[in-house]
Every structure is written in C-alpha cells, then in structure tokens.
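Chain residues, written in single-letter form:
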Amino acid sequence: MRKERELLRRVMEISGQNLYSCYQCGKCSAGCPSVDFMDFTPREIIRAILDDHEEVLHSQTPWICAACFTCTIRCPNEIDISRIMEALRQIRLRKMHDGIHPSKIPVDELLELPQIALISCFRKMTG
Amino acid sequence: MIKMEERMVRIYVMGKEYRVPAGLTILKATEYAGYRFIRGCGCRGGFCGACGTLYRKEGDYKLYTALACQTIVEDGMYLVQLPFVPAPKAIYDIEKLKPFGEVVLSFYPEVARCVGCNTCTKTCPQEIEVMEFIQAVKRGDLERASELSFDCIQCGLCAARCPAEIKHYHVAQLVRRLYGKYLAKHSEPLKKRLREIEKSSYEKEVDELMRMSQEDLKRIYYSREIKV
Amino acid sequence: MKEIAYFPGCTHLHTASHFERSALSVFEALGWRLVEKFNWICCGTVHGLSTDNLMQNVSAVRNLARAESAGARRIVTNCAMCYNTLKQANEMVKRDEDALKNLNEFMDDEPDYRGGVEVLHSLQLLREIGLDEIEKRVVKPLEGLRVAPYYGCLLLRPREVAIDNPERPKIMDEVLKAIGAEIVRDARLKYCCGSYHTVDRKEIVLSRIDEIISAVRRRGADLIAVACPLCEFNLDKRQKFLNKGGLPVLYFTQLIALAFGKEEDCLFEKHHVDPRPLLKERGLLR
C-alpha cells in the first residue's frame with residue numbers, strides 16, 4: 001500500500017533538509033546553469049515532492065544536476081537543494097537503478113577522460 | 001606417522017556443528033567432517049588460490065578470510081568456503097595495448113568506483129595492500145600497482161567483498177602483464193639464453209640429462225649452484 | 001625553505017602533470033617545498049551529500065587521518081576537486097561528532113582522526129605568502145595579456161568551504177594581477193563547466209563551455225586561467241567539438257611559472273589549444 005507523503009519523508013531524511021521552508025521564490029532555478037537541460041526546474045521538483053507527486057523520481061533533473069551548489073548558496077531559506085537532488089538520486093541508486101552504465105562508455109572516450117571525470121561520474125550516477 | 005593432536009575443537013560448516021581434531025587445517029577439518037572437495041581445492045600448498053574461505057569467530061564481529069589449506073582450525077570457527085567469485089575476464093591482445101592507467105580503466109572502468117573503504121585489503125589472505133594497488137591504477141601508476149599486487153593468487157575474495165564491485169584480481173593481472181611487457185626492465189642474459197635454446201645450442205646437454213638415472217638427476221638437481 | 005604537507009591527487013601524476021610541475025616550480029621559487037608526507041589515496045572527488053551514507057566520505061577522511069598521524073597540521077592541494085572534497089569532509093566531521101566516531105570505528109585499520117588537519121588550496125597558500133613576494137619574483141611580467149580567471153564551482157561553493165567571497169571572488173584575479181596580467185571579468189567565470197557530465201552528457205559540457213568561452217572572448221580575453229583538472233579538460237580538450245577557433249586554457253600556476261621565467265616547467269604542449277603561438281606573439285615565449 002502506498003503511504004502518503006512517503007517520498008517527502010524519505011527525501012527529508014536522506015537530505016537532512018526541511019522542504020517545508022521553501023516558499024517557491026525560484027532563485028534556485030533562476031541561477032541553475034543546467035536548467036535548460038532539465039525536465040523539471042529545481043523549484044518544480046520541490047513543489048512536486050511537497051505535493052506527493054512520486055513521478056519526480058523518474059525526472060531527469062536530479063541526474064542533470066552536477067552539484068555545483070549555486071542554488072545552495074542562493075536559497076533565501078538556506079535549503080541545500082543539492083542535497084535534495086542527491087536524495088532523489090540515492091533513492092533510485094539504492095534500488096539498483098543506475099544513471100550510467102560504465103561498461104557502455106565507448107573505449108576511445110575511456111582512454112581520453114581524466115580519472116576525476118570517471119570517478120565523480122560513477123560516484124554520483126552508480127549505486 | 002604424524003601423531004594427531006588428541007584435543008578436539010568445534011567448528012561450524014555452513015552453520016552445522018562438527019567436532020574435529022585440533023591442529024588440522026580448515027581444509028582437512030572440513031574433509032574430516034565429511035565434505036568431499038571436487039572443486040574448491042587445488043594445490044593444498046597455498047599457491048593456487050582455489051580454497052578461499054570466509055569465517056567468523058565466536059564473540060568477534062569481524063569477517064576473516066583464509067586459504068583453507070594454510071590455516072589451522074580454531075575452536076568456534078564459523079566457516080564457509082568460497083571457491084569461486086563470478087568475474088568475467090577482459091579479452092585483449094597485449095601486443096596492441098599501451099601501458100597507461102586509462103587502458104586498464106577502459107577494460108575495467110568500475111575501478112573508478114573505489115570508495116577507499118579498504119575492505120579488499122582487510123579481506124586479502126595474502127596480505128596484499130589491495131586498496132593501495134587499486135588507488136595506484138586510478139592514478140596511472142602501473143609500476144606501483146604491479147609491485148603491490150605481485151603476490152596475488154587470484155582467490156577472488158576481494159572481489160566478493162568489494163562494495164564498488166571491482167574485480168581486483170583481473171585488474172591486477174592486466175596491470176602486471178602491461179608492466180611486464182612494456183615497463184619492467186628486461187633481462188639481457190635471459191634473452192640471450194632464450195636465443196641459445198631456440199638455436200638448440202644445448203641439445204647435447206639435454207640428451208645427457210635424458211639418459212641419467214633418477215638418482216643421478218636428483219643428485220645434480222640438489223647440488224646445483226644458484227646465483228641470486 | 002619552508003615546508004607544507006602536499007596532497008597531489010590522482011590527476012597530477014598523469015593528465016594534469018603540467019599543473020603539478022608548474023605549481024611545484026612556483027612554490028619553490030617562493031621558498032616553499034610541497035612534500036608528500038603521507039600515503040595518500042584518491043580523495044573521492046565529490047563530497048557525499050546524503051545524511052545516511054558515510055561510505056562516500058571514507059576516502060576523504062582516511063586521507064585526513066593519515067595526514068594527521070604523519071604529523072601534518074595543514075595540507076595543501078592544487079586540484080579544486082580534491083580541495084573541495086577534503087575540505088567538505090573535514091568540515092562535516094568537525095560538525096558531526098557521531099559521524100566522525102562512526103567513520104573512525106569503520107576505519108579500524110587507521111589511527112583515529114581527531115579533526116586536527118586544515119585543508120588549503122594552493123591559491124590560499126599564495127595569498128598567505130603574499131602578493132608582494134609574488135611580484136618580487138616576476139622576471140617577465142605578463143603585460144598586455146588579458147586573462148579570464150575561471151573559478152568554477154569547487155573553490156567557491158558551498159559557502160563553508162569557499163576560499164573567497166563566493167559571489168565576488170578575487171583571489172585568482174589578484175595573483176594574476178601581481179604577475180602583470182590584465183583581468184577580464186564575467187559572471188560566467190563562476191559557472192559550472194558541466195563537470196562529470198563530460199562522461200555521459202557531453203552536450204551539457206559543450207553548451208556550457210561555448211557560453212563561457214564566447215562571453216570572455218567578447219570581453220577581449222586572450223586566454224582562460226583555471227585551477228581544476230576537470231575544468232581544464234572540459235574547457236580545453238572539449239573545445240575540439242566546438243569548431244570555433246581555440247581559446248587557450250592554462251592553469252594559473254603555468255602563468256605564474258611563465259612570469260617567473262620558468263617556462264621549462266610549464267609544459268604548454270599538453271594542451272589541446274596550443275597557447276604557444278599567442279605567447280610568442282606577445283613576446284612572452286621564445
């Protein structure tokens with residue numbers, strides 16, 4: 001049986017952030033350099049979690065976010081939005097849904113990429 | 001005949017208790033308890049890596065590892081043998097590779113998932129600093145990785161325990177092959193000797209050995225000079 | 001010679017060896033030796049952001065524990081990613097006693113970490129050494145060279161690890177001014193370069209670097225200075241997909257080494273966009 005606001009509870013628990021303090025000003029989304037590639041803006045993600053819309057778990061947004069922390073330093077209510085994105089990734093990763101499959105990266109790319117690119121990518125996108 | 005110690009100890013094989021003579025290796029104790037090994041047992045000398053074993057001890061949370069043929073049973077051991085860890089091996093033509101860290105990552109990209117937990121090092125029954133050699137691969141230092149992994153006998157226990165799902169022992173083998181082929185100093189006397197053998201320069205000596213009796217062969221084998 | 005414990009980071013042995021060589025050369029000229037005092041491992045590259053998964057912080061804290069037990073009170077690194085990861089983990093364990101206890105118990109193969117190490121980025125060490133000292137060592141001022149200092153994310157954010165004001169940083173500007181360069185400013189110099197999406201979503205990186213490079217070029221920049229091997233890879237090596245005529249991207253330490261007359265430590269040949277024609281044209285390189 002589906003529990004009400006279970007997603008909100010999980011996101012708050014994993015991120016340690018109080019989503020209720022968001023008043024939807026949109027500064028996070030205005031400053032986000034990746035927003036053009038997202039299907040939901042960061043503001044919309046928070047709204048959807050508060051509204052108990054579990055579809056956000058299948059949004060591309062958390063996988064596009066590269067944790068640049070621009071939203072984090074600009075939020076007037078000191079919500080660390082990077083941690084909310086991490087929580088959404090973690091919920092998927094912990095159920096074996098990876099955001100990238102290392103064995104499918106073309107070999108010529110693997111030969112060129114610097115170590116830190118692979119390490120950080122796998123840390124964020126594989127569970 | 002070797003006198004068996006009379007004291008008996010309790011071991012648990014996959015949860016079932018057995019009493020076995022103290023002083024036996026895990027392998028012999030398990031056989032004493034009635035198990036018969038068709039696989040999961042090889043050289044019985046600590047070299048082949050077939051008898052990797054996991055165990056815990058009563059009153060101790062730690063998960064220990066051993067080669068069953070090299071470790072003496074202790075009272076209260078909870079044992080299971082883990083003779084194989086599934087891990088496909090990369091196929092490559094060593095002649096076509098270059099000795100760089102990226103090359104290793106191109107076959108085993110999961111190396112980049114290492115979190116530095118050090119579980120592999122704590123797991124290794126050969127006391128290899130497994131995590132350090134994985135780290136060396138990450139930074140492209142194949143010489144260090146090759147040296148650190150030299151004693152690996154490919155039991156695979158590290159690969160069973162790794163939270164990043166790395167296949168350390170296959171990685172190490174590729175690294176040592178690259179190092180051996182492209183980076184290690186090559187021995188000139190060895191090359192010279194190989195050329196001589198190819199030209200059948202020692203046929204006379206080999207024929208002589210073939211004609212010798214086993215006793216004479218043993219005598220000259222044990223009295224041979226070894227230069228270090 | 002003064003000494004400080006040094007954390008090179010994995011890229012410094014290979015893809016970013018020109019960053020390391022130029023940095024060590026600059027610090028030596030300033031009377032500082034960066035010494036590898038402990039057996040370091042990969043920093044982890046990104047800080048774990050979940051409250052309940054400490055595993056993501058193990059490698060960073062393991063390094064701090066090893067540094068502390070080797071007697072290092074401060075460690076310095078050139079790589080912005082290493083800096084950020086080590087510093088965030090350090091701040092986390094200082095703030096969260098339970099997490100530190102848990103990590104120490106988990107790492108039962110290391111001496112306990114007590115929080116006694118300070119993590120520095122090499123720009124902070126340069127600021128400590130002083131702009132006057134840097135100016136004094138300059139033999140070839142980079143006069144007329146218009147440099148856009150790219151800070152990216154990891155030196156400035158999150159706030160608790162920022163090496164300068166995260167919205168108005170000037171630490172790299174000042175260092176570059178001290179060696180005679182002219183500074184080009186643009187808000188996009190604090191943007192994310194696309195980071196690890198260079199692995200899985202290259203289009204994000206390409207759109208980002210196109211925007212950054214076009215912006216600083218409009219403002220007349222001759223080149224971009226960076227402090228992170230991943231920024232360098234994205235801004236320099238990934239330019240090959242832009243087909244727009246290259247803008248050189250150099251580590252700030254290469255520029256200082258050049259101004260100090262140590263061009264042999266710059267390894268300019270390691271870049272995709274070759275900076276040598278530009279530097280020769282400006283009379284900064286033979």
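Quick caveat: nothing in here was measured; it's all calculated off a predicted structure.

**Q** Provide a residue-level description of the overall build of chain A, including the pertinent values.
**A** Tallying secondary structure elements over chain A gives 8 helices and 0 strands in all. In chain A, the succession of helices and strands from N to C terminus is α-α-α-α-α-α-α-α. For a compact globule of 127 residues, the expected C-alpha radius of gyration is about 14 Å, and chain A comes in at 15 Å, within 12% of that figure. Burial analysis of chain A (127 residues in total) assigns 59% to the buried set.

**Q** Please give an account of empty space enclosed by the protein that cites residues and values.
**A** Residues and elements named next belong to chain C. Under the criterion given, the structure shown has 7 cavities of 30 Å³ or more. Of the volumes computed, that of the largest cavity is approximately 230 Å³. If you list the elements that add at least two residues to the lining of the largest cavity, you get helix 3 (80-95) and helix 10 (229-235). In terms of residues, the lining of the largest cavity owes the most to one element, helix 3, which gives 5 residues.

**Q** I'd love a proper account of helix 1 (residues 6-15) of chain A, names of residues and values included.
**A** Residues and elements named next belong to chain A. Turning to helix 1, its buried residues are L7, L8, V11, I14 and S15. Considered in projection along helix 1, the buried side chains sweep an arc of 140 degrees and stay on one side of the axis. Positive backbone phi, approximately 70 degrees, marks G16, located one or two places after helix 1.

**Q** Break down the interface of chain C and chain B for me, citing the residues and quoting the values.
**A** Each side of the interface is counted separately: chain C has 16 residues, and chain B has 16 residues. The contact between chain C and chain B buries some 1,400 Å² in all, and 47% of this surface belongs to carbon and sulfur atoms. On the chain C side of the interface with chain B, the three residues burying the most area are C:H14, C:M55 and C:D108, jointly 30% of the side's total. Here chain C is connected to chain B by 3 salt bridges. We note a salt bridge from B:K62 to C:D108, for which the minimum N-O separation is 2.5 Å.

**Q** So, the domain arrangement of chain A: which residues are in play, and what are the values?
**A** Residues and elements named next belong to chain A. Segmentation of chain A into domains returns domain 1 (6-95) and domain 2 (99-127). The C-alpha centroid of domain 2 is placed 24 Å from the C-alpha centroid of domain 1. Contact residues are listed per partner, giving 5 residues for domain 1 and 5 residues for domain 2. Taken together, both faces of the contact between domain 1 and domain 2 bury some 450 Å²; the carbon and sulfur share is 61%. Together, W63, R89 and L93 form the three largest contributors to the area buried by domain 1 at its contact with domain 2, with a combined 77%. Joining domain 1 to domain 2, the criterion identifies 1 salt bridge. One salt bridge in this structure joins K124 and E86, with 2.9 Å as the shortest N-O distance. For the pair domain 1 and domain 2, the number of links is 1 residue pair in polar contact (both at pLDDT 80 or more). By residue number, the principal contributor to the side of domain 1 that touches domain 2 is helix 6 (residues 81-93), which donates 3 residues.

**Q** Which residues make up helix 11 (residues 252-259) of chain C, and what values do they have?
**A** Two residues of an α-helix separated by three or four positions point the same way, owing to the 3.6 residues in each turn. Residues and elements named next belong to chain C. Summarising burial for helix 11: 8 of the 8 residues are buried, a large majority. Within helix 11 the residues assigned to the buried category are F252, T253, Q254, L255, I256, A257, L258 and A259. Backbone geometry just downstream of helix 11 places G261 in the positive-phi region, at approximately 80 degrees.

**Q** An account of the side chain of C:R157 is needed here, citing residue identities and associated values.
**A** If you trace the backbone, C:R157 turns up in the loop between strand 5 (146-149) and helix 7 (171-178). Buried and unpaired, C:R157 has no salt bridge, with C:E167 as the nearest side chain of opposite charge at 6.2 Å.

**Q** I'd like a description of the packing of helix 5 (residues 122-129) of chain C against helix 7 of chain C, backed by residues and values.
**A** Residues and elements named next belong to chain C. With their axes 10 Å apart at the nearest point, helix 5 and helix 7 run at an angle of 55 degrees to one another. Here helix 5 is positioned oblique relative to helix 7, judged by the angle of their axes. In this structure, helix 5 crosses over helix 7, and the sense of that crossing is left-handed. Of the residues in helix 7, those touching helix 5 at L123, Q124, L126 and R127 are I171, M172 and V175. Here the residues of the contact of helix 5 with helix 7 are counted per class, giving 5 nonpolar, 1 polar and 1 charged.

**Q** Before we move on, could you go through the pattern of salt bridges and cite the residues and values that matter?
**A** All chains considered together, the criterion is met by 55 salt bridges over all chains. B:R10 serves as the salt-bridge partner of B:E58, at 3.2 Å between the closest nitrogen and oxygen. In this pair, B:E58 sits in the loop between strand 3 (52-57) and strand 4 (64-67) while B:R10 sits in strand 1 (residues 8-13), placing the two residues 48 residues apart along the sequence. With relative accessibility at 40%, the residue B:E58 sits in the partly exposed group. A salt bridge links C:E167 to C:K190; its shortest N-O distance comes to 3.6 Å. Of this pair, C:E167 sits in the loop between strand 5 and helix 7 while C:K190 sits in the loop between strand 6 (182-183) and helix 8 (197-200), and the two are 23 residues apart along the sequence. Taking the relative accessible area as the measure of exposure, C:K190 reaches 16% and is therefore buried. Taken together, the salt bridges that share partners define one network made up of B:E132, C:R62, C:R66, C:D109 and C:E110.

Parameters at a glance
- Residues numbered from 1 in each chain as written.
- Chains lettered and ligands numbered in written order.
- Predicted model: local features only at pLDDT ≥ 70, side-chain atom pairs only at ≥ 80, totals over all residues.
- Heavy atoms only, no water.
- Helix = DSSP H or I, 4+ residues; strand = E, 2+ residues; numbered from the N terminus.
- Rg over C-alpha atoms; globule rule 2.2 N^0.38 Å.
- Buried < 20%, exposed > 50% of the residue type's maximum accessible area, 1.4 Å probe, protein only.
- 1 Å grid on protein atoms, 1.4 Å probe; cavity = no way out; pocket = protein on both sides within 12 Å on 5 of 7 lines; lining within 4 Å.
- Points joined across faces, edges and corners; volume = space filled by probe spheres on them.
- Arc of directions from axis to C-beta.
- Contact = heavy atoms within 4.5 Å.
- Buried area = accessible area lost by both parts, 1.4 Å probe.
- Salt bridge = Lys/Arg side-chain N within 4 Å of Asp/Glu carboxyl O.
- Domains from an automatic or database assignment.
- Polar contact = N/O pair within 3.5 Å; in protein donor to acceptor, adjacent residues only side chain to side chain.
- Lys, Arg positive; Asp, Glu negative; His and termini not counted.
- Axes fitted to C-alpha atoms, helices over the stretch in contact; angles between N-to-C directions.
- Parallel < 35°, antiparallel > 145°, perpendicular 65-115°, else oblique.
- Left-handed = near helix turned anticlockwise from the far one by under 90°.
- Nonpolar A, V, L, I, M, F, W, Y, C, P; charged D, E, K, R; others polar.

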